[in-house]
Amino acid sequence: MSCLLVLVNCVILLLFASDMLLVSGNRPPAPVNVSVMHLRADSATVSWEVPEGDIIIGFSISQQRQQGHTQRFIREVNTTSKACVLWDLDEETDYIIQVQSIGLYGESQASKRVHFRTLKKSDRFLSNSSNQDDPAVEGLDKSRQLQTGEVIIIVVVLLMWAAVIALFCRQYDIIKDNDSSTGKDKVKPSSLASTPEHCSGGLLRNKFHPSLQSINIIEV
């Protein structure tokens, strides 16, 4: 009976060891060429490379102060990104980071330790020229470009509306001036025709002074 128990225990240990070897054999390799760029007073960008031929579904980053014991872990899955922005860092502080790849059967071994030091707040403007490849800065640039384009479109539309309104006012003034001048021309002959003296005098002058007839005709 004791021999049977020993045999069962040996089989269980062998199965467990084979499972461990299988899982460890299917784990992805550790990331390589881990580097820190775009250093600022409160942030930094970590980038790395993954050997080809392995299915990677995410990454994990451990962040720790060089003079401290607390660690911060950043874990993301369902992504093929090979860069991550570290936020809420302290200025002029030394940090140590390690990166792990996440595969279908678990996480890889941790990469080599990488040390970096954040900048002063007064030095953040010196690093602006090297921020064009930063994913976070790139997203901000795109949003700024989008806002600038929207402002330009709004200004163009307002200018067009102003031009249309100015043209309408000008045409309206021209039409109003034409109507007023036409009304004056119509009122003047009617007032002359309604004067009795002018009519009677004109008739008498037409009868007795033929020479005045031509003058009246010219006046009309």
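Rules of the game
- Residues numbered from 1 in each chain as written.
- Predicted model: local features only at pLDDT ≥ 70, side-chain atom pairs only at ≥ 80, totals over all residues.
- Heavy atoms only, no water.
- Helix = DSSP H or I, 4+ residues; strand = E, 2+ residues; numbered from the N terminus.
- Buried < 20%, exposed > 50% of the residue type's maximum accessible area, 1.4 Å probe, protein only.
- Contact = heavy atoms within 4.5 Å.
- Areas by Shrake-Rupley, 256 points an atom, 1.4 Å probe, with all protein chains shown as cover.
- Phe/Tyr/Trp six-rings, centres within 6.5 Å; stacked < 30°, edge-to-face > 60°.
- Patch = residues over 30% accessible without salt bridge, like charges linked within 9 Å, V, L, I, M, F, W, Y side chains within 5 Å.
- Salt bridge = Lys/Arg side-chain N within 4 Å of Asp/Glu carboxyl O.
- UniProt positions renumbered as here; feature names shortened; annotations may be inferred.
- pLDDT = per-residue confidence, 0-100.
- Polar contact = N/O pair within 3.5 Å; in protein donor to acceptor, adjacent residues only side chain to side chain.
- Core = buried A, V, L, I, M, F, W, Y, C linked by side-chain atoms within 4.5 Å.

**Notes on the overall build of the protein chain**
The helix and strand tally for the protein chain stands at 4 helices and 8 strands. Expressed as a percentage of its 220 residues, the buried residues of the protein chain come to 20%. At a minimum sequence separation of 6, the contacts of the protein chain that also span at least 24 residues come to 61%. When the accessible surface of the protein chain is totalled, it reaches about 16600 Å², and 62% of it is carbon and sulfur.

**Description of the packing of aromatic side chains**
What the rule picks out here adds up to 2 aromatic pairs. When the ring of Tyr95 is compared with that of Phe116, the centres are 5.6 Å apart and the planes differ by 20 degrees; the resulting orientation is stacked. Taken together, the residues Tyr95 in strand β6 (residues 94-103) and Phe116 in strand β8 (residues 114-117) connect sequence positions 21 residues apart. Here Tyr95 and Phe116 have matching classes, each one buried.

**As for a nonpolar patch on the surface**
Among the surface-exposed residues, Ile153, Val157, Trp161 and Ile165 lie close enough to one another that they form a single nonpolar patch of about 430 Å² accessible area. Note on placement: Val157 falls in helix α2 (residues 135-193). Among the residues examined, Val157 registers a relative accessible area of 38% and is labelled partly exposed.

**Some thoughts on the UniProt feature "transmembrane region" (unreviewed entry) in the protein chain**
The UniProt record annotates "transmembrane region" (unreviewed entry) at residues 151-169. The span residues 151-169 is 100% helical and 0% strand by assignment, and the distance between its end C-alpha atoms comes to 27 Å.

**Details of the pattern of salt bridges**
Proximity of charged atoms lets side chains of opposite charge pair with each other. Counting across every chain of the model gives 3 salt bridges. We note a salt bridge from Asp90 to Arg65, for which the minimum N-O separation is 1.7 Å. Of this pair, Asp90 sits in the loop between β5 (83-86) and β6 while Arg65 sits in strand β3 (residues 56-65), placing them 25 residues apart in sequence. Accessibility expressed as a relative area gives 30% for Asp90, which makes it partly exposed. Judged by relative accessible area, which is 39%, Arg65 ranks as partly exposed. Across the pair Asp94 and Arg117 runs a salt bridge whose closest N-O atoms are separated by 3.2 Å. Here Asp94, found in strand β6, pairs with Arg117, found in strand β8; they are 23 residues apart in sequence, far enough to count as distant.

**Things to note about the side chain of Ser62**
Counting through the fold element by element, Ser62 comes out in strand β3. Classification of Ser62 by relative accessible area gives buried; the value is 14%. Apart from residues no more than four positions distant in its own chain, Ser62 is found in contact with Arg72, Phe73, Ile96, Ile97 and Gln98.

**What about the confidence of the model for the protein chain?**
Residues with a pLDDT of 70 or more make up 60% of the protein chain, whose mean pLDDT is 74. Here residues 125-132 is modelled with pLDDT under 50, and outside its nearest four sequence neighbours on either side it reaches 7 contacts, counting other chains as well. For residues 190-220, every residue scores under 50 in pLDDT, and the model assigns this stretch 11 contacts once sequence neighbours within four places are set aside.

**Considerations on the environment of Asn33**
Relative to the assigned elements, Asn33 resides in strand β1 (residues 32-37). Accessibility expressed as a relative area gives 52% for Asn33, which makes it exposed. Residues Asn33 and Ser47 lie 14 residues apart in sequence; the distance between their C-alpha atoms is 8.0 Å. Not counting residues up to four positions away in its chain, the partners in contact with Asn33 are Ser47, Trp48 and Glu49. A polar contact is formed between the side chain of Asn33 and the side chain of Glu49, at a distance of 2.8 Å.

**Focus: the nonpolar core**
One finds Val34, Val46, Trp48, Ile61, Leu86, Ile97 and Phe116 to be the most contacted residues of the largest nonpolar core, which totals 16 residues. Among the elements of the structure, β2 (44-49), β3, β5, β6 and β8 are those that each provide at least two residues to this core. Once residues within four sequence positions are removed from consideration, Ile97 is found in contact with Val34, Val36, Val46, Ser62, Gln63, Leu86, Lys112, Arg113, Val114 and Phe116.

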